[in-house]
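Report on the structure
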Amino acid sequence: MAQLYFRYGAMGCGKTMQLLQVAFNYEERDEKVCVIKPRTDTKNGTKLLTRIGLERETNFTFARRDNIYKKIAKDCADVDCVLVDESQFLTPAQVDQLMEVVVELNIPVICYGLRLNFRQQDKGFEGSTRLLQIAHKIEEIKTICSCGRKATINARFLNDKLVTEGPDILIDDGKTKIVYRALCNNCYHKLKKEL
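Residues numbered from 1 in each chain as written. Predicted model: local features only at pLDDT ≥ 70, side-chain atom pairs only at ≥ 80, totals over all residues. Heavy atoms only, no water.

As a further point, take the sheet that holds strand β7 (residues 109-113). Strand order in the open sheet formed by six strands is β5-β2-β6-β7-β1-β8, and the pairing between neighbours is parallel. One side of each edge strand has no neighbouring strand; the edge strands of this open sheet are β5 (60-62) and β8 (137-140). Each neighbouring strand pair of the sheet contributes to a mean axis angle of 20 degrees, computed without reference to strand direction. Summarising the sheet, strand β2 (residues 33-38) and strand β6 (residues 81-84) pair through four bridges and their orientation is parallel. Residue Val33 lies in a different strand from β6, and its bridge partner there is Cys81. (Pairing = 2+ DSSP bridges. Helix = DSSP H or I, 4+ residues; strand = E, 2+ residues; numbered from the N terminus. Axes fitted to C-alpha atoms, helices over the stretch in contact; angles between N-to-C directions.)

Now for the packing of aromatic side chains. The description of two aromatic rings rests on the distance between their centres and on the angle between their planes. Applying the stated criterion across every chain, the model contains two aromatic pairs. Ring geometry for Phe6 against Tyr8: centres 5.8 Å apart, planes inclined by 40 degrees, an arrangement best described as tilted. Just as Phe6 is buried, Tyr8 falls in that class too. Considering the side-chain rings of Phe89 and Phe125, the 5.9 Å spacing of their centres and the 75 degrees angle between planes classify their relative orientation as edge-to-face. With Phe89 in the loop between β6 and α3 (92-105) and Phe125 in the loop between β7 and α4 (126-134), this pair connects stretches of sequence that are 36 residues apart. This pair shows no difference in class: Phe89 is buried, exactly as Phe125 is. The side chain of Arg7 reaches across the aromatic face of Tyr5, ending 5.5 Å from its centre. (Phe/Tyr/Trp six-rings, centres within 6.5 Å; stacked < 30°, edge-to-face > 60°. Buried < 20%, exposed > 50% of the residue type's maximum accessible area, 1.4 Å probe, protein only. Lys NZ or Arg CZ within 6 Å of the ring centre and 35° of its normal.)

Encoded structure:
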């Protein structure tokens with residue numbers, strides 16, 4: 001029986017790399033995958049690109065208003081698995097549509113994304129919140145802070161300064177140096193005190 005998975009982790013934990021590994025494993029067995037990502041993620045256009053250089057073209061990207069179930073049912077109903085990158089940018093309705101893919105088409109769906117925004121609020125990423133509510137399986141992909149502790153916080157730095165307020169989605173605009181770093185609670189709170 002197909003299931004909906006949510007695999008989450010802090011920035012830099014290798015979510016996209018793991019997605020590409022899963023795609024490779026399916027294709028090595030002559031099975032087909034459908035790799036998708038939201039257009040909200042403007043980095044690299046329609047490609048997935050890992051920090052270590054691995055990349056892959058998506059089958060399609062989608063806008064917030066798009067019905068993912070209808071697109072998959074029409075163009076990808078013959079696949080063995082659907083893989084979704086940057087799933088935090090999904091709308092709640094799109095998460096429900098992915099559940100329809102699982103139930104109606106019997107295709108497993110594996111979503112990769114962030115659990116929390118940089119302000120540490122679930123309501124910041126509605127896609128993640130909905131996935132946490134309805135996914136059959138929820139799995140953490142772990143990474144470490146520069147101090148060696150487990151990193152769970154996605155910290156945003158603008159021009160090398162930690163920020164704790166601002167829009168949920170802020171991708172490099174070419175004007176401001178925007179960096180996201182995975183931090184442990186200790187390092188995050190130490191930097192926050194310095195603000």
